[in-house]
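# Examining the three-dimensional arrangement
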Amino acid sequence: ETLETVHVSGASLEGALAGTDSRPIAGGNYDPYAESTLEGQTKLAKALESEGVVQEGDRTIGPWDCSGMTGVDCCLMIKHEVRDIDNQDNAIQ
């Protein structure tokens, strides 16, 4: 069996959360028919209910438990938690 994937350009976190950008949050190659398990969907919903934390300065981020989640859902959860840039002006994309 061959897995058919599609390549898409991802949405911005702000656009995805505001509902103004309908593209998937995570760009790249992925299986458009993949779905998170009920456990994964519950983890994502809980994460999105919390306020994203914006902190400045050195800190450790992660690890995240993405078991049961699609790559798109896992990426959204992480982007929701880590919204600021690092010391080299890079954001989690």
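For clarity, every value in this text was computed on a predicted model and none was experimentally measured. (Residues numbered from 1 in each chain as written. Predicted model: local features only at pLDDT ≥ 70, side-chain atom pairs only at ≥ 80, totals over all residues. Heavy atoms only, no water.)

Our next topic: the confidence of the model for the protein chain. Residues with a pLDDT of 70 or more make up 67% of the protein chain, whose mean pLDDT is 76. Between the elements of the protein chain, mean pLDDT differs from a low of 61, seen in strand 1 (residues 6–8), to a high of 91, seen in helix 2 (residues 38–49). (pLDDT = per-residue confidence, 0-100. Helix = DSSP H or I, 4+ residues; strand = E, 2+ residues; numbered from the N terminus.)

Below, the discussion takes up the side chain of K43. Inspection of the secondary structure assignment puts K43 in helix 2. The class for K43 is buried, based on a relative accessible area of 18%. Among all residues touching K43, those that are not within four sequence positions of it are D65, C66, S67 and M69. (Buried < 20%, exposed > 50% of the residue type's maximum accessible area, 1.4 Å probe, protein only. Contact = heavy atoms within 4.5 Å.)

Now for the environment of L76. Considering the arrangement of structural elements, one finds L76 in helix 3 (residues 71–81). Taking the C-alpha atoms as reference, L76 lies 9.4 Å from A47; in sequence the two are 29 residues apart.

Side chains of nonpolar character tend, in soluble globular proteins, to be buried together. By size, the foremost hydrophobic cluster in this structure holds 7 residues: L44, A47, M69, C74, L76, M77 and I78. Within the residue set of this core, elements represented by two or more residues are helix 2 and helix 3. Tallying contributions element by element places helix 3 first for this core, with 4 residues. Each residue touching M69, except ones within four places of it in the same chain, is listed here: S36, G40, K43, L44, C74 and M77. (Core = buried A, V, L, I, M, F, W, Y, C linked by side-chain atoms within 4.5 Å.)

What follows covers unusual backbone geometry. Geometrically, the link from G62 to P63 is a cis peptide bond, its omega value of -5° lying close to zero. Here P63 lies in the loop between helix 2 and helix 3.

Another point: the state of the cysteines. Going through the model one piece at a time under the given rule, you end up with 1 disulfide. The residue that forms a disulfide with C66 is C74, at a sulfur-sulfur distance of 1.9 Å. Looking down the S-S bond of the C66 and C74 bridge, the torsion is 55°, so its handedness is right-handed. Taking the relative accessible area as the measure of exposure, C74 reaches 13% and is therefore buried. Free cysteine: C75, not disulfide-bonded; nearest cysteine sulfur from C74 at 7.3 Å. (Disulfide = S-S within 2.5 Å.)

This part covers the pattern of salt bridges. Pairs can form between side chains of opposite charge once their charged atoms are near each other. Following the criterion strictly, the structure yields 2 salt bridges and no others. Among the salt bridges present, the one from E39 reaches K43, with a minimum N-O distance of 3.8 Å. Remark: K43 and E39 occur in helix 2; sequence separation between them is 4 residues, near one turn of the helix. Residues joined in a network through salt bridges with shared partners are E39, K43 and D65. (Salt bridge = Lys/Arg side-chain N within 4 Å of Asp/Glu carboxyl O.)

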